[in-house]
Amino acid sequence: MISEKGKLVMGYQAAPLQINGAFERAGYVHPLYNLDGVILTEDGPADHPYHRGIYWAWHQVLQGGKSVADGWVSEGISFSPLKMNSGKRRGAAYIDAELRWILTEAANQPEIIREHTAILVHPATAHYRAIDFTIRLVPKMDSVALGGANDEKGYGGFCLRFALPSDISFHSGGHKIAAREKAVEAAAWMDFSGSFETGKKSGLTLLVHPESTGASTSWILREKKSMQNSVFPGRIPRLLPPDGWTLKYRLIVHDGSMSGPQLERLYQTYITVSNH
């Protein structure tokens, strides 16, 4: 758990956890709190028990062109924590974690991917808090590929599962965005705002760094009982090079007062200032 001035900020689930004996998961953020201390995220909700707070996952895990696991629902794969460090750095809190992705149904249960995740939690300002994610996925076998859902939606990658208020709205690049079944194209950031607590609005904004592998501007948006997703790579699986993928995101937790131009300035600051 990370706190600031006595107020809880977020938790990181380092050890494997199951939901009703299934859907094993590890290496994700839950709970995540807004600036007023209200829990935003959900872990193992009844409608989709494999959803898990702030997480990154893919349905299609392939090796040598063959499907070997489903990382979205944790079939044929487990996430084994190897090491984790936490502390303070330049006034911010950090978590550095390393996990092994293990093929549980293959002979000798080999490691297929090594995950290195760095999370940097910045101090809150009057109106928002920034949390940075840098995720490296390095293949430990030959010809490893990851892909999203094998359908026209293609969801997979960095996801947000939070309790959806009835007045949820989506904004990107200065425009209101309508949710639809398939992915929508928008700017490199998406804001999710609504009444997460009675009578008071707050929000989350996800920023995709242009140096992130794929640097996707495709989004899966949902208004009821589901997750939100920065789609990468989509339906068609993509091979990981020997040095892997590096995925970079910033999450802005704000009090609902942030305008489109303000969020755009935060995005420009993020992509021009190094924080790692």
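Residues numbered from 1 in each chain as written. Predicted model: local features only at pLDDT ≥ 70, side-chain atom pairs only at ≥ 80, totals over all residues. Heavy atoms only, no water.

Draft legend 1. A look at the sheet that holds strand β9 (residues 77–89). If you walk across this open sheet you meet the 9 strands as β9-β10-β11-β12-β23-β19-β18-β15-β16, and the pairing is antiparallel. Taken across any chain shown, the strands that pair with only one partner, and hence form the sheet edges, are β9 and β16 (175–177). Between one strand axis and the next, the sheet turns through 20 degrees on average, direction left out of account. Looking at chain direction, strand β19 (residues 200–208) and strand β23 (residues 245–254) are connected through 6 bridges and run antiparallel. Bridging across to β23, V208 finds its partner in Y249. Lying on the sheet, helix α1 (residues 260–272) is in contact with β12 (128–139), β18 (189–197), β19 and β23; it crosses β19 at an angle near 35 degrees. (Pairing = 2+ DSSP bridges. Helix = DSSP H or I, 4+ residues; strand = E, 2+ residues; numbered from the N terminus. Axes fitted to C-alpha atoms, helices over the stretch in contact; angles between N-to-C directions. Contact = heavy atoms within 4.5 Å.)

Draft legend 2. Summary view of α1. Its 13 residues place the ends of α1 19 Å apart at the C-alpha level, agreeing with the 18 Å of an ideal helix rising 1.5 Å per residue. Every buried residue of α1 is accounted for by L263, L266, Y267 and Y270. Angular distribution of buried residues about the axis of α1 spans 100 degrees; they occupy a single face of the element. Summarising the geometry of α1, the exposed residues directed more than 90 degrees from the buried face are P261, R265 and T272. In this fold, the buried residues of α1 make contact with β12, β18, β19 and β23. (Expected span 1.5 Å × (residues − 1). Buried < 20%, exposed > 50% of the residue type's maximum accessible area, 1.4 Å probe, protein only. Arc of directions from axis to C-beta.)

Draft legend 3. Here's a closer look at the packing of aromatic side chains. Here the structure, examined in full by the defined rule, presents 14 aromatic pairs. For the ring pair F162 and F192, a centre distance of 5.7 Å and an interplane angle of 65 degrees mean the geometry is edge-to-face. With F162 in the loop between β14 (157–160) and β15 (169–172) and F192 in strand β18, the pair connects residues that are 30 residues apart, well separated along the chain. Assigned by exposure class, F162 and F192 land together as buried. Within the aromatic cluster, the residues linked to one another by ring pairs are W58, F79, W101, F232 and W245. Just above the ring of Y94 sits the side chain of R89; from NZ or CZ to the centre is 4.0 Å. (Phe/Tyr/Trp six-rings, centres within 6.5 Å; stacked < 30°, edge-to-face > 60°. Lys NZ or Arg CZ within 6 Å of the ring centre and 35° of its normal.)

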